[in-house]
Each structure stands twice: as C-alpha cells, then as structure tokens.
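Analysis of the macromolecular model
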Amino acid sequence: MLEVENLDAFYGQIHVLHGVSLSIKAGDIVGLVGANAAGKSTLMYSLAGLRTTCAGKIRLKNEAIEDMPTHERVRRGLVLVPERRRLFPFMTVLENLQIGAYSDGARALAHQTMREVFELLPTLSERRTQLAGSLSGGEQQMVAIGRALMAKPQVLLLDEPTEGLAPIYVKLLFELITSLRALGITVLIVEQNIHHVLQTADRAYVLENGRIVLEGSGRALLNDERLKVAYLGL
Amino acid sequence: MTTLGQLVLSGIFIGAIYALMSIGLTLIFGVLRIVNFAHGEFLMLGMYGAWAMTRLLGLNPYLAMIAVVPAMFLFGGLVYRLIVSPALDKPHLVVVFATMGLSIFMQNAALMLMSADLFDIPPVFGHAVTIGPLYFKAELVVGFVITVICTLVLQWALKSTYLGKAIRATVQDREAAMLMGIPVPRIFLITFAGGSALVGLAACVMMPLFSVFPTVGLNFVLIAFVIVVLGGMGSISGALIGGICVGIVQSLSSYYVAPAFGQMFFFILFLLVMIFRPNGLLGQKGAADIGIAD
Ligand SMILES: Nc1ncnc2c1ncn2[C@@H]1O[C@H](COP(=O)(O)OP(=O)(O)OP(=O)(O)O)[C@@H](O)[C@H]1O
Ligand SMILES: [Mg+2]
C-alpha cells in the first residue's frame, strides 16, 4: 500500500532522516516508535509532503508520490493527523469536518461519510455547533481523527494521537484505531505509549537518530531485549 | 442639530466607501500575511479604468464595474503570479520591497501615460437624496448601499461556501489546511485576485466622487491602512466599523476645526485605539471572524 525507499529528509541543511525504508501492507496497523527527536514527526511530515525537502522514493498504491504537493497526496488517500491535532479553532466541529472533505472525491461523499463519522464518534455529533477551540483535549483529538476520516483516507498517518490524553481516552482511541481496520483503512501510528501500540500493531518500526534500527511484528518487538532496555525501562 | 446629523451621516456614508476600498487589503493580509504596498495604485488603476469606461465609452460608472472588476481580478492574479508568489518563500522584506517597487512603477507608468492632470467624470445623478431635512450626494448614498451589500455577500460567502471555508481554514492554520487537501497556493492566488477585484469595485464607486491622478492612491492608502488596523487586521466587519469611524471623525473635524486637520484627527483616533485596544476595535473577536488570532 505504502512503500518508502531510502528516504532522506532535510530541514534546510539539517539532515534528519537517513535512508528510511518502510513497507506497509494494505489494512495493517503499523506502529512507529522512537525516542524524542528521533525523527518520527519528520517522517510523518515528509510522507505528507510538508516542511522537509526529501530524497528517495515514496509509492502509494504503486504510484510515485514523492514529488506531489500535499493536497495531491491527500486526494490520493494519504492523510496525516499531525502532532497537537491542529484543528481550525474558530470553526465549529461541523465546519472542521466539512473541511476534511475538501478534495473533490471526498466532497462528493461528504454527507455519507459524515454520518459514518458520527456513528463512530457520537460525541462529535453532540458537539457539532461548538467551536473546535473550546473542546477538551480528548474531544479535539476525536475531531482531528474525524476530520481526517472525512477525507476518505486509504492510509491514515497518526502522529502521537494520545499525547496529553486521559487514560480513558487513550483506551477509546486504540479501540477506534482497531475499528478502522474493519473499514479497510491502513494506519501508520507514532506513539510514545509503546506498550499499547505494540499490542495493537501488526508491525512496528523503531526509529533512532533518523534511522530505522528495528522492525518486526508488534508482538515480537514487545519481547525484544534491545527495545525493552531502551524504551520500556524493564 | 441638523448640521450634526448631516455631518455624521455623510461621515458614515463616506466611511463605508473607505471601508470598501480597504477590504481587499485586509483580506489579503488575513490570508497571505503580507501587506500589499501597491494597494493604493491598484485603486488608481481601477479609477482610471472606470474613468475611461465612462468618458470614452459613455458608460455609467456603476456599469463600468462589469468590466473593471474582472479586469482587476486578472490584474491581481497576474501580479500575484509574477511578483508576489515568487517572493513568498523569501525573507519577509522581499515582499515588502517587491510591492513597494510595483507601487512606484505604477505611479510613474500612470504619469507617463496619463500625465499629472486630474481627471473626473460628470455627476451621475441630477439631484441629491433627501432624508428628512438632510441632503446627500446621491453618489455617496449609492456607494454606501453598494458597500453594505458587498460586505454582506462577502461575509456570507466566507461563512457558507466551500471556497470561503477553505479561505478561513487557511487563515487559521495554513499547514493544517494543506493537510486537509486544500491547495493553499491556489487559495492565495484567488484571494489576491479577489482582493484586487474588490479594489476595482471600490474604484468604480469612488470615481463619481473623486478625481483620479497618478498619485491618488497615496491619499487613500493611508486611510486604508488606518482602517485595516483599527478594524483588526483580517476582519471584514472590522473594516466596515473602522471605515465608518474614520469617516465620521474626518467629517466632523473638517467642519468644526478645518478641512486640513481632518487627517490629523483620524490619526489621533488611530493612536488612541492602538493604545487602548491594540488588537483593533473588535479585538481578537473581530479578527477571528475570518480567523486570525493565533
Ligand atoms: N522545522 C525544523 N527545523 C529544523 N530542525 C527541525 C525542525 N523540526 C524538527 N527538527 C529537528 O529534527 C529532529 C527530529 O525531530 P522530530 O520532530 O521529527 O522528532 P520526533 O521523533 O517527532 O520527536 P518527539 O517525540 O519529541 O515528537 C530533531 O532533532 C529536531 O530538532
Ligand atoms: Mg514528534
């Protein structure tokens, strides 16, 4: 579904990602873990075509997308929910969702998708006329995911969706992500909460200083000695 | 009392027209976060256009809008493509100098082509509008009505159309807008061209009231800057209120004090607002109606 080959990413002269390769199968939930400043968000932005300049190949459904602007990638089904949610604070929940369906393909299906999103996330329906900026952190995260779903993603990139959330929301979120699988959406998720993500993910990658240092099935990594020492503090 | 009413109302009318000429500036600032220093010269160009349509083709200046507004839209689009867009990812001063350069170029081009003479058009309406005991130039009242309609339509479009929502989203968070599939460079182009078209509209409304000459823009652009800052940068309803305040102050002070001091008084008003309400009259709330406030 999503193939990344030898990706290098730069902020100006600063070289952050070094030869990153990923291979993500359709319908999988894939975790991306790593310490602070490892380059996880950089990888997510690079996949979305924002902020960085890149060298290397990115293929979505066998189509090369590395030279496309962000909105073309969105139109083809690659959608990022960025760090810190980034809602449109002075727009209502409803308007935020409508903006999610901006691309023509998604816009044609907006009504139908909206109904599905409200079914999946009933609190959004209750809050539809409220300004997004006035929601609680957990609610905002739900809007951010709902907004991305409005774009009819085939691959959903989630950058630390549980950041700053109460445990009950974390649980809710992982349930939500699991239910996305049923909708046939492929998920790449960056997560600090390593235990949680490795239990949910089919596969996972470990990023260290801009390089992939480990990869494998979620379960296998959960038992990996190196990972235990480095991240789980065991 | 009649005099006061007369002054206040004509202040409101002329102020609204000033607001119309400022909306393009505030819109472009809100979305692109740049100041178009050639804004006054866009107005000058539009006024020459309206003048030419009226004098040479014998059109009513309000009908001239049909040609001037789309022409200014295209002109704005061209300026965006050739001058603004290439400067956007450079340091901020580059856009400042680029639009200032354009402003000087347009003034001199106008001087060369049209000379320094003042051009005007004959009155459109034969008689004044009376409201009770008060008399107003009909052109002033028509300009006011056009401004109000235009502001309402624009507010509605920003609130309710998909394009309007995309513009507001771009104002609120440019990156997030891109991530939602909004082609932000295209939104910039449309906003810049649309803002220029609005200046063209203002030019047609102003041509029956003022003369046009190569540096006419300088007279008005200062007022426009004051209005935009008063109303809260990026706010359309704020521009309307800011414009009306400026109009009233100008009208009262030039009657009770002296016409020459009119400008001084609205700059005093400007300073007072900056001291006590640095975010503009409507403050953050005003800015938020198209969305700036982060
Ligand atoms: N806009 C930028 N300009 C320059 N350097 C940047 C920029 N953004 C990030 N970096 C650098 O790139 C490196 C990777 O940052 P990144 O945000 O990708 O890390 P991360 O793995 O997402 O960390 P975290 O867990 O804290 O979110 C860091 O050293 C950071 O300082
Ligand atoms: Mg990060």
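A short tour of the structure in this document, coming up. Keep in mind that what you see is a predicted model, and the values were worked out from it rather than measured.

Next up on the list: the site of ligand 1. Residues and elements named next belong to chain A. In the vicinity of ligand 1 there are 14 residues, among which Ala37, Lys40, Ser41, Thr42 and Glu83 approach most closely. At 3.4 Å from a nitrogen atom of ligand 1 is found a side-chain nitrogen or oxygen belonging to Tyr11. Here an oxygen atom of ligand 1 sits 3.0 Å away from a polar atom, N or O, in the side chain of Asn36. For ligand 1, the protein covers 63% of the area, taking 630 Å² as the surface of the free molecule. Counting only elements with at least two residues in the shell around ligand 1, the list comes to strand E2 (14–24) and helix H1 (40–48). It is H1 that provides the largest number of residues to the shell around ligand 1, a total of 3 residues. Taken together, the residues of the shell around ligand 1 break down into 6 nonpolar, 5 polar and 3 charged.

Residue and element names in this part refer to chain A. Protein coordination of the magnesium ion (ligand 2) is provided by Ser41 (OG) and Glu83 (OE), with donor distances spanning 1.9 to 2.3 Å. Of this pair, Ser41 sits in helix H1 while Glu83 sits in the loop between strand E6 (78–81) and helix H3 (93–100), and the two are 42 residues apart along the sequence. Across this residue pair, the class does not change: Ser41 and Glu83 are buried.

Quick look at the environment of B:Val141 now. Residue and element names in this part refer to chain B. Here Val141 lies in helix H5 (residues 138–160). In this structure, the C-alpha to C-alpha distance between Val141 and Ser10, residues 131 residues apart in sequence, is 8.6 Å. Aside from chain neighbours lying at most four places away, what touches Val141 is Phe13, Val129 and Phe136.

With that settled, the discussion passes to the packing of aromatic side chains. In the structure shown here, the tally under the stated rule is 13 aromatic pairs over all chains. Measuring from ring centre to ring centre gives 6.2 Å for B:Phe42 and B:Phe192, while their planes differ by 80°; the resulting arrangement is edge-to-face. In this pair, B:Phe42 sits in helix H2 (residues 39–55) while B:Phe192 sits in helix H8 (residues 184–206), placing the two residues 150 residues apart along the sequence. By relative accessible area, B:Phe192 is classed as buried at 0%. Ring pairs connect the aromatic residues B:Phe42, B:Phe75, B:Tyr80 and B:Phe192, which therefore count as one cluster. A cation sits over an aromatic face here: A:Arg51 above A:Tyr45, 4.1 Å from the ring centre.

Quick look at the sheet that holds E6(A) now. Residues and elements named next belong to chain A. Spatially, the 6 strands line up as an open sheet ordered E6-E7-E8-E3-E9-E10, and their pairing is mixed. Edge positions in the open sheet fall to E6 and strand E10 (211–217), since each of these has one partner strand only. Mean inter-strand twist for the sheet, computed between neighbouring axes without regard to direction, equals 15°. Across 5 bridges, strand E3 (residues 29–34) lies against strand E9 (residues 203–208) in parallel orientation. By the bridge assignment, Leu32 is partnered in E9 with Tyr205. The sheet contacts of helix H7 (residues 137–150) involve E6 and strand E7 (155–159), and relative to E6 the element is tilted by about 170°. Taken strand by strand, helix H8 (residues 167–182) contacts E3, E7 and strand E8 (186–190), and its axis lies near 155° from that of E8.

Next up on the list: the interface of chain B and chain A. Each partner contributes residues to the interface: chain B has 22 residues there, and chain A has 24 residues. Counting the surface lost from both chain B and chain A, the interface buries some 2200 Å², and carbon and sulfur atoms represent 66% of this. Contact with chain A buries area across many residues of chain B, yet B:Tyr162, B:Leu179 and B:Met180 alone supply 37% of it, more than any other trio. Applying the counting criterion to the chain B and chain A interface returns 4 salt bridges.

Once that is clear, we can look at the side chain of A:Thr113. All names here are of chain A. Looking at where Thr113 falls in the secondary structure, it is placed in helix H5 (residues 110–120). Accessibility expressed as a relative area gives 3% for Thr113, which makes it buried. Among all residues touching Thr113, those that are not within four sequence positions of it are Leu149, Met150 and Lys152.

The rules behind each value
Residues numbered from 1 in each chain as written. Chains lettered and ligands numbered in written order. Predicted model: local features only at pLDDT ≥ 70, side-chain atom pairs only at ≥ 80, totals over all residues. Heavy atoms only, no water. Near = heavy atom within 4 Å. Polar contact = N/O pair within 3.5 Å; in protein donor to acceptor, adjacent residues only side chain to side chain. Areas by Shrake-Rupley, 256 points an atom, 1.4 Å probe, with all protein chains shown as cover. Helix = DSSP H or I, 4+ residues; strand = E, 2+ residues; numbered from the N terminus. Nonpolar A, V, L, I, M, F, W, Y, C, P; charged D, E, K, R; others polar. Donors = N, O, S within 2.8 Å, 3.2 Å for Na, K, Ca; no water. Buried < 20%, exposed > 50% of the residue type's maximum accessible area, 1.4 Å probe, protein only. Contact = heavy atoms within 4.5 Å. Phe/Tyr/Trp six-rings, centres within 6.5 Å; stacked < 30°, edge-to-face > 60°. Lys NZ or Arg CZ within 6 Å of the ring centre and 35° of its normal. Pairing = 2+ DSSP bridges. Axes fitted to C-alpha atoms, helices over the stretch in contact; angles between N-to-C directions. Buried area = accessible area lost by both parts, 1.4 Å probe. Salt bridge = Lys/Arg side-chain N within 4 Å of Asp/Glu carboxyl O.

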